[in-house]
Amino acid sequence: MRHLVALALFSSGCLFSAPEGAPQFWPPQLGGTVQAVTVGDLDGNGSTDVVVYMTGNSSQAGLYEIVGGKDLAAGGRVTSFSKFVPAKLTAPIAAFQLGGGTQKVFVATGSDPVELTSYSNALEEDDLEITDVSGGSALLWAHPITFPGNMLHIAVSNGSQISHVASDFIEERAIPAPSGPTWNLAQVATSYASGSDQIVVVATPMQIVRSPLPTGIDPMFTWTTVRTGPAWVGQTTVDLDGDGREEVVGLDLAGKQVCIVDPGAAAVPVTPICLAIPNLPSSNEVTLFVGTNVTTNPGPDMVIAQASGSDTQYTLVEDYTYAAGTLTSTMIRPLAAGGPAHGRSVIVNAGPGTPNSVIVFGTDGAAACVQGPC
């Protein structure tokens with residue numbers, strides 16, 4: 001592991017190529033290939049700010065900021081971008097935005113080894129970590145986890161290795177697999193408090209495991225198996241019941257159902273709570289959006305985005321209810337609007353008082369509204 005302090009050159013406004021006052025139409029006229037899209041409220045004004053991560057030549061590759069209420073109009077229409085930060089991004093890209101008091105963007109790239117970069121809410125580069133995770137894997141992901149003392153750490157994985165580092169990028173360490181030298185296609189990690197302990201959870205397609213996080217120098221993990229069963233894809237973590245602990249949500253493609261596991265359940269192994277999705281497409285590039293309302297009804301919804309080399313299809317699980325032992329929905333239906341091949345989908349809000357919209361970005365940057373006030 002090598003820790004590098006970001007060069008002042010990369011954090012200065014001089015590298016923002018958008019000329020002051022000049023209109024920057026979307027998609028970018030210079031082109032590039034969209035690798036990832038993230039959303040969050042970077043400026044704290046209540047509207048969604050979108051960051052698009054594109055690869056290409058030196059005038060194309062970097063981070064593009066689409067500001068809610070300015071570049072992002074009502075109905076999820078993307079008209080322009082406000083800022084371009086050049087960066088040598090290598091596909092694949094894994095990124096996320098943190099809001100609240102943190103207001104940061106974290107980006108992991110597919111370089112070998114994987115590089116993890118943090119940016120301020122103004123997209124000024126803060127730190128660069130050259131991780132111990134090998135690059136070149138399409139399974140790259142990054143996810144926030146909380147360590148004892150409420151310390152934010154960033155977990156980075158290529159599916160077989162998982163490393164974590166504090167948000168100040170000091171003391172990177174590995175999260176070892178329960179058995180064998182590597183993880184078997186790890187998809188996501190989360191953590192939660194349990195008494196005086198902080199518990200880390202890792203989900204692979206067929207297994208969910210948990211362990212207390214070590215607090216001393218010796219990184220000993222004691223793994224407990226929470227779930228073993230059919231393969232899940234698109235796994236994500238969401239606190240569905242407001243208890244401060246995120247549930248793991250995954251899509252069982254073969255069984256045509258969406259399933260939920262509480263990783264902190266006292267009795268293990270846990271039997272997942274599932275909801276049948278009868279007309280589920282077979283595409284396995286899956287992104288799950290859980291807990292955000294995208295209809296005119298007040299209840300929370302799930303949106304299942306499934307991309308392939310030909311298109312992107314969507315299933316809406318409308319007004320779902322999750323409680324102990326049950327998962328129900330008032331309606332499950334495919335969305336008529338689809339998206340392009342390998343679409344990158346996000347949920348946005350143009351400003352306070354406006355409904356949410358699902359929009360999709362094609363690899364060429366073109367954006368279209370799928371659901372909401374389109």
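Per chain, residue numbering runs from 1 following the sequence as it is written. Where local features are concerned, this predicted model is filtered to residues with pLDDT of at least 70; where side-chain atom pairs are given and counted, the filter is 80 or more; whole-chain, interface and lining totals use all residues. As a rule here, side-chain values come from all non-hydrogen atoms in the structure, and water together with hydrogens is ignored.

### Considering the environment of A367
The test is simple: Secondary structure elements are defined from DSSP: runs of H or I of at least 4 residues count as helices, runs of E of at least 2 residues count as strands, and each element is numbered from the N terminus. Burial status follows relative accessibility: with a 1.4 Å probe on protein chains alone, a residue under 20% of its type maximum counts as buried, one over 50% as exposed, and anything between as partly exposed. Contacts are assigned to residue pairs with any non-hydrogen atoms lying within 4.5 Å of each other.
Residue position: A367 is located in strand β30 (residues 367-371). Looking at A367, the relative accessible area reads 32%, which means it is partly exposed. C-alpha of A367 to C-alpha of P300: the two residues are 67 residues apart in sequence and 24 Å apart in space. If we ignore the near neighbours within four places in the chain, the residues touching A367 are W26, V78, V360 and F361.

### Things to note about the pattern of salt bridges
Formally: Throughout this description, the term salt bridge denotes a Lys or Arg side-chain nitrogen within 4 Å of a carboxyl oxygen of Asp or Glu.
If you walk through the whole model with that rule in mind, you get five salt bridges. A salt bridge links R173 to E171; the nearest nitrogen and oxygen atoms lie 3.4 Å apart. Here D262 makes a salt bridge to R245, at a shortest N to O gap of 2.8 Å. Linking D262 in the loop between β22 (257-261) and β23 (273-276) with R245 in the loop between β20 (233-238) and β21 (247-252), this pair joins segments that are 17 residues apart in sequence. It is possible to trace a salt-bridge network through shared partners that takes in D243, R245 and D262.

### Digging into the pairing of strand β16 (residues 188-194)
Counted only if it meets this: Here the rule is simple: two strands pair whenever DSSP picks up at least two bridges between them.
Burial analysis of β16 places five of its seven residues in the buried class, which makes it a mostly covered element. Bridge analysis of β16 against strand β17 (residues 197-204) gives seven bridges, and the strand direction is antiparallel. The partner of S191 across the bridge, within β17, is V200. Two successive antiparallel strands, β16 and β17, enclose a turn made up of two residues, where G195 displays a positive phi of approximately 65°.

### Describing the state of the cysteines
As a reminder, the rule being used: Disulfide assignment relies on a single distance test, namely cysteine sulfur atoms paired within 2.5 Å.
Here the structure, examined in full by the defined rule, presents two disulfides. Here C259 pairs with C274 through a disulfide, and the sulfurs are 2.1 Å apart. Because the torsion about its S-S bond is 110°, the bridge between C259 and C274 counts as right-handed. Remark: C274 occurs in strand β23 and C259 occurs in strand β22; sequence separation between them is 15 residues. Of the residues examined, C259 reaches a relative accessible area of 1% and is grouped as buried.

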